[in-house]
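# A look at the structure
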Amino acid sequence: MFLAHLLRQAGVEAVVLEMRSRDYVEGRVRAGVLEQHTVRLMHRLGIGDRVAREGLVHAGTTLCVDGEPFHVNFSDLTDGGAVTVYGQSEVMKDLNVAADRRGIEVIYEAADVTPHNLDSHAPVVTWKTRGEPQRLECDFVVGCDGYHGVCRASIPADHVKTFERIYPFGWLGILADVPPCNHELIYANHPHGFALASMRSPTRSRCYLQCSLGDRVEEWSDQRFWDEFTVRIGAQYSARVTRGPSFEKSIAPLRSFVCTTMRWGRLFLAGDAAHIVPPTGAKGLNLAVADVVVLGDALAAWYGAGDDRGLETYARRALDRIWKAERFSWWLTNLTHRFPDMDVFDRHMQIAEFAYLRESRAAQTSFAENYVGLPLDF
Ligand SMILES: Cc1cc2nc3c(=O)[nH]c(=O)nc-3n(C[C@H](O)[C@H](O)[C@H](O)COP(=O)(O)OP(=O)(O)OC[C@H]3O[C@@H](n4cnc5c(N)ncnc54)[C@H](O)[C@@H]3O)c2cc1C
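Residues numbered from 1 in each chain as written. Predicted model: local features only at pLDDT ≥ 70, side-chain atom pairs only at ≥ 80, totals over all residues. Heavy atoms only, no water.

Let us now look at the environment of Val124. On the secondary structure map, Val124 appears in strand β9 (residues 124–129). Residue class for Val124 comes out buried when judged on its relative accessible area of 4%. (Helix = DSSP H or I, 4+ residues; strand = E, 2+ residues; numbered from the N terminus. Buried < 20%, exposed > 50% of the residue type's maximum accessible area, 1.4 Å probe, protein only.)

Near the ligand there are 22 residues, and of these Glu18, Arg28, Arg30, Gln88 and Asp272 occur at the shortest range. At 2.7 Å, a side-chain N or O of Arg28 approaches an oxygen atom of the ligand. The fraction of the free accessible surface of the ligand (990 Å²) that becomes covered by protein chains is 77%. It is helix α9 (residues 284–305) that provides the largest number of residues to the shell around the ligand, a total of three residues. Tallied by class, the residues present in the shell around the ligand amount to ten nonpolar, five polar and seven charged. (Near = heavy atom within 4 Å. Polar contact = N/O pair within 3.5 Å; in protein donor to acceptor, adjacent residues only side chain to side chain. Areas by Shrake-Rupley, 256 points an atom, 1.4 Å probe, with all protein chains shown as cover. Nonpolar A, V, L, I, M, F, W, Y, C, P; charged D, E, K, R; others polar.)

Quick look at the sheet that holds strand β16 (residues 246–259) now. The sheet built from eight strands is open, its strands ordered β5-β4-β13-β14-β15-β12-β16-β19 with mixed pairing. With partners counted over all chains shown, the strands left at the sheet margins are β5 (68–73) and β19 (275–276), one partner each. (Pairing = 2+ DSSP bridges.)

Our focus in this paragraph is the pattern of salt bridges. For the structure on display, the rule yields 23 salt bridges. With a shortest N-O distance of 3.0 Å, Arg22 and Asp100 are connected by a salt bridge. Note that Arg22 is positioned in helix α2 (residues 22–27) and Asp100 in helix α6 (residues 88–102), a separation of 78 residues in sequence. Note that Arg338 and Asp66 form a salt bridge whose closest N and O atoms lie 2.8 Å from each other. With a gap of 272 residues between them, Arg338 in the loop between α10 (309–336) and α11 (344–359) and Asp66 in the loop between β4 (60–65) and β5 connect regions that are remote in the sequence. The class for Arg338 is buried, based on a relative accessible area of 15%. Since its relative accessible area comes to 39%, Asp66 is described here as partly exposed. (Salt bridge = Lys/Arg side-chain N within 4 Å of Asp/Glu carboxyl O.)

Given below as structure tokens:
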């Protein structure tokens, strides 16, 4: 949807095909921490009013090791940098309302979406609407269809290069209408495992626990979740935890994944279709947005002046940022989680890394500049 708006601004016609319904897309609970570039782009696209009003600007975060918290001030370390807490579902609503206003064509509940002739100059996409076959001829297909989508799978297998790391745990996440235990996020590394205190608003908490991959949601009653969360988050914050019934509870596995084949003929991949990060660094949504900023410019140059240099270099330029975000998310995951096969040496490495981060302004600056988002030109 970000790309559709960027192309509309550049005067390029695009059609969005979405297999789900609009209600489903707008209700899907996912990311919630926006880099400053993502917010800046929302303003540039004219959809920034609500995030400016309702988004919670966080100028720092707290890291907590074995119950001992310390604060990292993004704003001091990055010349005013910050992130904004604003749910992905709210971003989707803002994009969709503006798409209605601008007449951007979004076809929901498009079934059996299939790209064809991608290695020609005249790709075609077919799909079904309420069982009726549909067909669209186009110049390009952009696969913004997530990890399980159809676009990456359309590239011949012997041309696809991928890299992957699977982590030996998952995240159990809940949403509850209770005030958060802190005004900013808390990342906690505790002997029982990782915990994250996050939020969606001053009255809605989003909290996570590291869990086993074999755990099932039904095994985690709200009481069990809150009992464990208050232990892991540390004594200073546990007294401030307000318990309440969850209205969303899910377990997500963690993986790092990069498909470096981001172009195949007239197909370009962007976002989760090409890469997955563990959610620890809150990079997934932001990285998808960064991809389409690069691709939007490249497509605008192709349509505007017949300049294909941007398209030729898209994968290289996008991957430069992708690998850095992969590194940051992998590093923060390694720092904050308890791995089942950790030995005493590994634990000492974590403790030393935390101590360095606590004491060194240089280390905190590196953390802060990655967290608020590396520079993105647009
Ligand atoms: C459960 C969960 C929790 C997450 N939590 C966080 C978080 O806390 N922080 C964070 O930064 N990131 C988080 N993420 C990641 C973040 O949501 C994604 O990185 C981001 O949505 C990527 O955007 P995208 O446009 O590439 O893919 P998506 O947002 O997945 O969009 C792809 C769209 O394509 C549609 N689609 C898929 N296949 C087809 C098809 N065959 N035909 C037509 N349409 C199709 C899908 O319905 C979907 O709407 C989470 C992801 C999940 C799944």
